[in-house]
Amino acid sequence: MRSQHGPRVAVVGAGLGGLALARVLQLHGRSVTVLEREPARGARPQGGSLDIHPDTGQTALRAAGLLDRFRALSRPEGQEWRRVDPVTALPLPGPGHDEEGQREPGDSPEIDRGQLRGLLLESLTEGTVRWDSAVAGATPLGDGTWRLHLADGGTEDADLVVGADGAWSRLRPALSDAVPGYTGVTFVETGLDDCDIRHPALARTVGAGTLLAASDGKALLAQRNGDGHIRVYAAFRAPRDWRSAAGVRADDAAAVRARLLKHFDGWDEGLLRLLRENDSGFVDRPVSVLPVPHTWEHVPGITLLGDAAHLMPPVGLGANLAMLDGADLAHALVREPGVAEAVRAYEDRMLPRSARAARECLDTLDHLIPPTDS
């Protein structure tokens, strides 16, 4: 049955896309429940800084009534992007960059992912997100509705369930046999804390935004966050289990550092200090993607958004598209006469858009870290 506030909508996953969907629905007086496996809001770090684009992420935030609050929190200066030569660390001009190697300014200000998620969470009615509610799977009830099965043995019935649960979605198998595949590229993350005080030279090198040095199928990226932290990524093509292949234990930071320094041998010593002076360990971030295009036949009462629908390389579009997905689905649910019509309208819009974006992201990754046979 439909409630007096429209169909029962259950969103699995309290990431940016699922929260954008919930916020826009609530602005239109619709009820929604968000089920999140994390035990509490601050249970884990939320990742680095995001550039929010005018035609995607900002469009979603405008629909959510949060654009002005986003702008007050965001860092326009974080759009600065410096490209430097790996051997000399001198600026590299190029397409979209000036003679100092800096990208031409735009209107995609940066914000820490945790801040943006907090903005969306605080905009929701209290109790919308049910923490510590891991979803193990879902089964159709035969009338277009679905039953979600929680890891603790509980269930939740809904007229529409939305898989907003990321790369390894528990709901995707209800729609698609596709699973993420490894691209062959790994990002190894580390970081520098209190950079302006503890690492002033590196802070000046990185600047207010992002620093990039790339050559010979590998890259170093350093990204300033809003809390004085710099996230550093060493990116290269390697087997997914590259540490084992190199005989390096995952918990041996010194050995990982030595291996990375050997891999980047010959690069400017000032750039290599990003790896020598890190304040945290090294975490592998293997880049996996869904097939392109990733599509499915419409199934009544269930759909996907964000990484669950279109996992792509982390080069600036994923979070923006997830929020736009959420806003578009919410608008379809408000506008269309029923759930089936709303989901079809949403998927007809989202699937082609995400395929185009995924191809663009793969091209960007291949340009940054070219395949070995190119």
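Look a little higher up for the structure.
About the criteria used
Residues numbered from 1 in each chain as written. Predicted model: local features only at pLDDT ≥ 70, side-chain atom pairs only at ≥ 80, totals over all residues. Heavy atoms only, no water. Helix = DSSP H or I, 4+ residues; strand = E, 2+ residues; numbered from the N terminus. Rg over C-alpha atoms; globule rule 2.2 N^0.38 Å. Contact = heavy atoms within 4.5 Å. Areas by Shrake-Rupley, 256 points an atom, 1.4 Å probe, with all protein chains shown as cover. Lys, Arg positive; Asp, Glu negative; His and termini not counted. Charge placed at Lys NZ, Arg CZ, Asp CG, Glu CD. Salt bridge = Lys/Arg side-chain N within 4 Å of Asp/Glu carboxyl O. Buried < 20%, exposed > 50% of the residue type's maximum accessible area, 1.4 Å probe, protein only. Axes fitted to C-alpha atoms, helices over the stretch in contact; angles between N-to-C directions. Parallel < 35°, antiparallel > 145°, perpendicular 65-115°, else oblique. Left-handed = near helix turned anticlockwise from the far one by under 90°. Nonpolar A, V, L, I, M, F, W, Y, C, P; charged D, E, K, R; others polar. Polar contact = N/O pair within 3.5 Å; in protein donor to acceptor, adjacent residues only side chain to side chain. Pairing = 2+ DSSP bridges.

(A) Up close: the overall build of the protein chain. The helix and strand tally for the protein chain stands at 12 helices and 16 strands. On C-alpha atoms alone, the protein chain measures out to a radius of gyration of 21 Å, which is about the 21 Å that the 2.2 N^0.38 rule sets for 374 residues. Counting only C-alpha atoms and orienting by the principal axes, one finds that the protein chain spans roughly 65 × 45 × 35 Å. Put simply, of all contacts in the protein chain between residues at least 6 apart along the chain, 71% involve residues at least 24 apart. As displayed, the protein chain offers around 16600 Å² of accessible surface, 50% of which is attributable to carbon and sulfur atoms. Charge separation in the protein chain, taken as the distance between the mean sites of 41 positive and 52 negative side-chain charges, equals 2 Å.

(B) Layout of the pattern of salt bridges. This model, assessed by the stated rule, comprises 21 salt bridges. For the salt bridge of arginine 249 with aspartate 251, the shortest nitrogen-to-oxygen distance reads 2.9 Å. The pair arginine 249 / aspartate 251 is uniform in exposure class, with both members exposed. Here aspartate 328 ties to arginine 349 by a salt bridge, and the two come within 3.0 Å at their closest N and O atoms. Of this pair, aspartate 328 sits in helix 11 (residues 318–335) while arginine 349 is found in helix 12 (residues 339–368), placing the two residues 21 residues apart along the sequence. Judged by relative accessible area, arginine 349 falls into the exposed class, the value being 54%. Taken together, the shared-partner salt bridges connect Asp325, Asp328, Arg349 and Arg353 into one network.

(C) Up close: the packing of helix 8 (residues 253–263) against helix 9 (residues 269–276). Between helix 8 and helix 9, the shortest axis-to-axis distance is 10 Å and the interhelical angle comes to 160°. As summarised for this structure, helix 8 and helix 9 are arranged roughly antiparallel, according to the angle between their axes. Judged by the twist between their axes, the crossing of helix 8 over helix 9 is right-handed. Within the contact between the two elements, helix 8 uses Arg257, Leu260 and Leu261 and helix 9 uses Leu272, Leu275 and Arg276. Looking at the contact of helix 8 with helix 9 residue by residue, the classes come out as 4 nonpolar, no polar and 2 charged.

(D) Region of the structure containing the side chain of threonine 145. Relative to the helices and strands, threonine 145 is located in the loop between strand 7 (135–140) and strand 8 (146–150). Take threonine 145: its relative accessible area is 10%, and that puts it in the buried class. Of the polar contacts made by the side chain of threonine 145, one reaches the side chain of aspartate 143; its length is 2.5 Å. Here threonine 145 is in contact with Arg8, Pro140, Ala158 and Asp159, once residues within four sequence places are set aside.

(E) Local environment of the sheet that holds strand 9 (residues 155–158). The sheet built from 3 strands is open, its strands ordered 7-8-9 with antiparallel pairing. Looking along the sheet, the strands with just one partner apiece sit at the ends: strand 7 and strand 9. Here the strands of the sheet are splayed against their neighbours by 20° on average, with no regard to which way each runs. As defined by bridge partners, strand 8 adjoins strand 9 across 4 bridges and the pair is classed as antiparallel. Each residue of the ladder has a partner; that of arginine 147, found in strand 9, is aspartate 157.

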